[in-house]
Amino acid sequence: MRDDPAEAAYRRALALITALVTLVGVCWAVLTPAFRAPDEPQHVNSVLRLAYGGGWPAAGEALVGPAMDEARDQAALTTDVPGRHLDREGVPAFVAVPPTRDVDRGTVTRDNALADPVPPGTSTRGLEPEAVDQMTQHPPLYYAVAAGVLHLTGTAEARWDVQLLVLRLFDVALLLPVPLLTAAAVRRLARSRAAALVAASFTLFVPQVGHIMGSVTNDALVTVSGAMITYLSARVATGDLRPRTAALLGAAVGLGLLTKVMAAFAVPVVVAAYLLAPGPRARRGAGVLIAGGAALAVGGWWWLRNLLVLGTVQPVGIPDRFVEDEPHGLWYFVRVVVTSLTRSFFGNLGWLELRVPDAVFWTAAVVVAALCGLAVVRGPARRATAVLLLLPAALWCGVLVNAWPDYSAHGWISAVQGRYLFAGLLALGTGTALGLHALLGTRLRSAVPWVTGAAGVTAASGLGFGFWGFYQGPGQSVADAAARWAGWSPLTGPQLVLVGSVTVVVGAAAVVASVRFARAALSSRTARSASTAEPTMVAAASTPTTAAGRDASA
């Protein structure tokens, strides 16, 4: 296998596609204006609280610290970016605010990082939502690790914009394993290098992934834990019933559970993987018990404790933010939720401010759904593929079910965001690639360079859309927008150019490597066919036919 030119070409292409996925995340980390991602100020605030020993207060009792209040003001977070889908009356434009100079940006220290503690049991419902840090409704794992990153990099005491960039790059690092695990899952299910490369590039077709994974959010750890769960479930569903695999799978579920409740939707996937796996019933049952025990020990205990102590699985961490309204019926609810969930999965940037055109995200959704359906109906390892796709399906249904009570009682729709489906990215990438494999067969090898190129173009288009929507005001030039970007960034203009240039070079190299893979795979297949045919021809030549005997005697 090591001497196989096709395998070597595959590994080079996979390494470059993975590098491109990671660099696109880096580009989003430096492109998105400070705190212009969902709940990013609160996520950073919770990291700082743990970094400075502020503990983990009960849900609803954590406040935003003075350093974060100052950072939000200096980042002009209360303004509207130019590409916002709807300008708010009386809200100033982001492009009208001059960037805060580096020397004027605040430094986070022990003196300003922590808010004054709230006495236990104190209600914060009378405060403005922006003053409350709702993240303590989640387990603290992500924030503890991120706090460790600040200390490890020496940025626990630093300018807020430098801290923000360090934490964003930490989240980008969590994206790195996702394309590798996706490719490994596809090779496990289909034994196809071409399909594996297609799967590895999947997140490049979803600009929202780079945007979210290039921000500070606990969804980054949920995403990588979901990828680990899905990959290990693929192994189980195809016959890997070793206790070690079960323990690793349970630990991955527990890791997700110690981050966010979304990982609970992976439990049916694990059970289904063992139920449908080939092998003795006793070994499959033992695998479920081992995985369940590991999941409970690592992270499931948090939610069990909530249920026993608080009487609810996840307590509410933030005051109500919406005006009472009347529900407009079931169809309105379904239409709004499905549209919002689909749009914010593919491209709804900032605080859901920059919306990609409807035709773009609906087309993408139909293509992904059709290919995943084709993979289940005609692809290799159909049962295993169906098991993996249970995860995004369960997450999708969970978001709908969770949004209904507030809508039916108060008429508002909340907590509907596509990032809640990111734990299922590996499953969707696998289903899409296996659907293409079923559709194209051996022609998929020749399509790999085109898919890689299209992925790069899509990623670049998403970044371009973000650049325009965040920085380019009406009637302004690209140069004006670039100067504004550099003015707000903790990096210098040349450093931003370097990041973009390296990304472009790696993207081009990934396409070239994909072309070389397609050629090597074709040559390898031709060589195997020739080596298989040669013994057959020799055997046929050494066995005279009746006609040949007559010719010889004549």
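Everything here concerns the structure above.
Notes on the structure follow. The shown structure was predicted, so the numbers you read here are calculated from the model rather than taken from an experiment.

As a further point, take the packing of helix H5 (residues 160-175) against helix H6 (residues 177-190). Think of two packed helices as two axes; the pair is described by the angle between the axes and how far apart they sit. Contact geometry of H5 with H6 gives a least axis separation of 5 Å together with a crossing angle of 10 degrees. Considering their axes alone, H5 and H6 lie roughly parallel with respect to each other. Contacts between H5 and H6 involve Ala173, Leu174 and Leu175 on the former and, on the latter, Pro177, Val178 and Pro179.

Bringing the nonpolar core into the picture now. Of all hydrophobic cores here, the largest spans 161 residues; its most connected members are Phe35, Val44, Leu197, Phe345, Tyr471 and Phe517. Among the elements that take part in this core, helix H1 (residues 5-31) stands out by supplying 15 residues, more than any other.

Under the defined criterion, the tally for this structure stands at 20 aromatic pairs. Relative to Tyr471, the ring of Phe467 lies with its centre 6.3 Å away and its plane at 45 degrees, an arrangement referred to as tilted. Of this pair, Phe467 and Tyr471 both sit in helix H18 (residues 444-471), four residues apart, which is roughly one turn of the helix. The ring of Tyr10 carries the charged tip of Arg187 above its face, separated from the ring centre by 4.7 Å. Over the ring of Trp302 we find Arg305; its NZ or CZ atom is 5.5 Å from the centre of that ring.

This brings us to a nonpolar patch on the surface. On the surface, Leu296, Trp301, Leu304, Leu308, Val309 and Leu310 cluster together into a nonpolar patch covering about 610 Å² of accessible area. Within the element layout of this structure, Leu304 appears in helix H12 (residues 281-310).

End to end, helix H2 (residues 40-51) covers 16 Å across twelve residues, agreeing with the expected 16 Å (1.5 Å per residue, within 8%). In terms of burial, H2 is a largely internal element, eleven of the twelve residues being buried. For H2, the set of buried residues is Glu40, Pro41, Gln42, His43, Val44, Asn45, Ser46, Val47, Leu48, Arg49 and Ala51. Considering only its buried residues, H2 is in contact with helix H3 (66-74), helix H4 (141-152), H5 and helix H14 (349-352). Phi for Gly53, located one or two positions after H2, is positive at around 75 degrees.

Attention shifts here to unusual backbone geometry. For Ala76, which is not a glycine, the phi torsion comes out positive at approximately 55 degrees. Locating Ala76 in the fold gives a position in the loop between H3 and H4. Although it is not a glycine, Ala381 sits at a positive phi angle of roughly 50 degrees. Inspection of the secondary structure assignment puts Ala381 in the loop between helix H15 (358-378) and helix H16 (382-410).

The next thing to look at is H4. Relative to the 16 Å expected for twelve residues at 1.5 Å per residue, H4 spans 16 Å between its end C-alpha atoms, a close match to the ideal helical length. Among the residues of H4, those classed as buried are Leu141, Tyr142, Tyr143, Ala146, Ala147, Val149 and Leu150. Lining the buried residues of H4 we find H2, H5, helix H9 (219-237) and helix H10 (243-257). Positive phi appears at Gly154, one or two residues downstream of H4, with a value of about 70 degrees.

This paragraph deals with the packing of H1 against H5. Running from amino to carboxyl end, H1 crosses H5 at an angle of 160 degrees, the nearest separation of the two axes being 9 Å. Our classification of the angle between H1 and H5 gives roughly antiparallel. Here H1 and H5 pass one another in a crossing that is right-handed. On H5, the residues that touch Val21, Thr22, Gly25, Val26, Ala29 and Val30 of H1 are Leu165, Arg168, Leu169, Val172 and Leu175.

It is worth spelling out the pattern of salt bridges at this point. With the rule as written, the count across this model stands at 21 salt bridges. Between Asp4 and Arg193 there is a salt bridge, with its nearest N and O atoms 2.9 Å apart. Residue Asp4 is found in the segment before H1, and its partner Arg193 is found in helix H7 (residues 193-200); the two are separated by 189 residues along the sequence. A salt bridge links Arg36 to Glu353, with the nearest nitrogen and oxygen atoms 3.2 Å apart. One end of the pair, Arg36, is in the loop between H1 and H2; the other, Glu353, is in the loop between H14 and strand S1 (354-355), with 317 residues separating them in the sequence. The burial state of Arg36 is the same as that of Glu353; both residues are buried.

Basis of the calculations
Residues numbered from 1 in each chain as written. Predicted model: local features only at pLDDT ≥ 70, side-chain atom pairs only at ≥ 80, totals over all residues. Heavy atoms only, no water. Axes fitted to C-alpha atoms, helices over the stretch in contact; angles between N-to-C directions. Helix = DSSP H or I, 4+ residues; strand = E, 2+ residues; numbered from the N terminus. Parallel < 35°, antiparallel > 145°, perpendicular 65-115°, else oblique. Contact = heavy atoms within 4.5 Å. Core = buried A, V, L, I, M, F, W, Y, C linked by side-chain atoms within 4.5 Å. Buried < 20%, exposed > 50% of the residue type's maximum accessible area, 1.4 Å probe, protein only. Phe/Tyr/Trp six-rings, centres within 6.5 Å; stacked < 30°, edge-to-face > 60°. Lys NZ or Arg CZ within 6 Å of the ring centre and 35° of its normal. Patch = residues over 30% accessible without salt bridge, like charges linked within 9 Å, V, L, I, M, F, W, Y side chains within 5 Å. Areas by Shrake-Rupley, 256 points an atom, 1.4 Å probe, with all protein chains shown as cover. Salt bridge = Lys/Arg side-chain N within 4 Å of Asp/Glu carboxyl O. Expected span 1.5 Å × (residues − 1). Left-handed = near helix turned anticlockwise from the far one by under 90°.

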